[in-house]
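Each chain, letter by letter, is given below.
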Amino acid sequence: MKNLHNTINTIPDIKLTIQSGGSIEFVKTGILPEFLVFHSPHLHRTWRLKLKEDKRNGVLKVNGQIAFYYFFNDLGCKMQSVSNGVVTAEWEIEEILMELRD
């Protein structure tokens, strides 16, 4: 966790994409699935989480430890970085991409 702590002294380079669609699940359920996809090139990590509601809160882990909290709703996404259980930074993701899949 030392390396992660050193990399989040500033706001991390986390990007957020909302993925919508996916023919396999649509065929099975009749519902287009949506996913939140967080990506950090600096940490070499991608987290893909199924969006079951318009509002979602959760955690992103690195090496089994909580590294970030996220708070997503239709107005945007707020993030908090965490080190040893303590919030070390807070910010809002300014650009959220939409990706439609078939």
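Coordinates for the structure precede this section.
Below: a short report on this structure. The structure presented is a predicted model; accordingly, all values stated were derived computationally and were not measured.

A few words now on the packing of aromatic side chains. For the structure shown, the criterion picks out three aromatic pairs. An angle of 45° between the planes, with centres 4.9 Å apart, marks the rings of Phe38 and Tyr70 as tilted. Residue Phe38 is located in strand β2 (residues 34–40), and its partner Tyr70 is located in strand β5 (residues 65–73); the two are separated by 32 residues in the primary sequence. Taking the relative accessible area as the measure of exposure, Phe38 reaches 0% and is therefore buried. Consider the rings of Trp47 and Phe68, whose centres lie 6.1 Å apart with planes at 75°: the pair is edge-to-face. With Trp47 in strand β3 (residues 45–50) and Phe68 in strand β5, this residue pair connects regions lying 21 residues apart in the sequence. The class for Phe68 is buried, based on a relative accessible area of 0%. Put simply, the rings of Trp47, Phe68 and Trp91 touch in pairs and so form one group of aromatic residues.

Ordered in space as β3-β2-β1-β8, the four strands form an open sheet in which the pairing is mixed. Lying at the two open borders of the sheet, with one neighbouring strand each, are β3 and β8 (96–101). Strand-to-strand twist across the sheet, computed as the mean angle between neighbouring axes with direction ignored, equals 20°. The sheet contact formed by strand β1 (residues 15–21) and β8 spans six bridges and is parallel. Bridge pairing in β8 links Thr17 to Leu97.

Counting through the fold element by element, Val62 comes out in strand β4 (residues 56–62). For the pair Val62 and Leu43, spaced 19 residues apart in sequence, the C-alpha to C-alpha distance is 8.8 Å.

Criteria and cut-off values
- Within any chain, residue numbers begin from 1 and follow the written order of that chain's sequence.
- Local features in this predicted model are restricted to residues whose pLDDT is 70 or higher, and side-chain atom pairs enter the listing and the counts only when it is 80 or higher, whereas totals over whole chains, interfaces and linings include all residues.
- Excluding hydrogens and water, the side-chain figures rest on all heavy atoms present in the structure.
- We call Phe, Tyr and Trp rings a pair once their centres come within 6.5 Å, taking the six-membered ring for Trp, and we label the pair stacked below 30 degrees between planes, edge-to-face above 60, and tilted otherwise.
- Each helix is a run of DSSP H or I of at least 4 residues and each strand a run of E of at least 2, with the numbering of both proceeding from the N terminus.
- Using a 1.4 Å probe on the protein chains alone, a residue whose accessible area is under 20% of its type maximum counts as buried, one over 50% counts as exposed, and one in between counts as partly exposed.
- Note on pairing: two strands pair once DSSP finds at least 2 bridges between them.
- Axis lines are fitted to C-alpha atoms, over the contacting stretch for helices. Their N-to-C directions set the angle, which ranges from 0 to 180 degrees.

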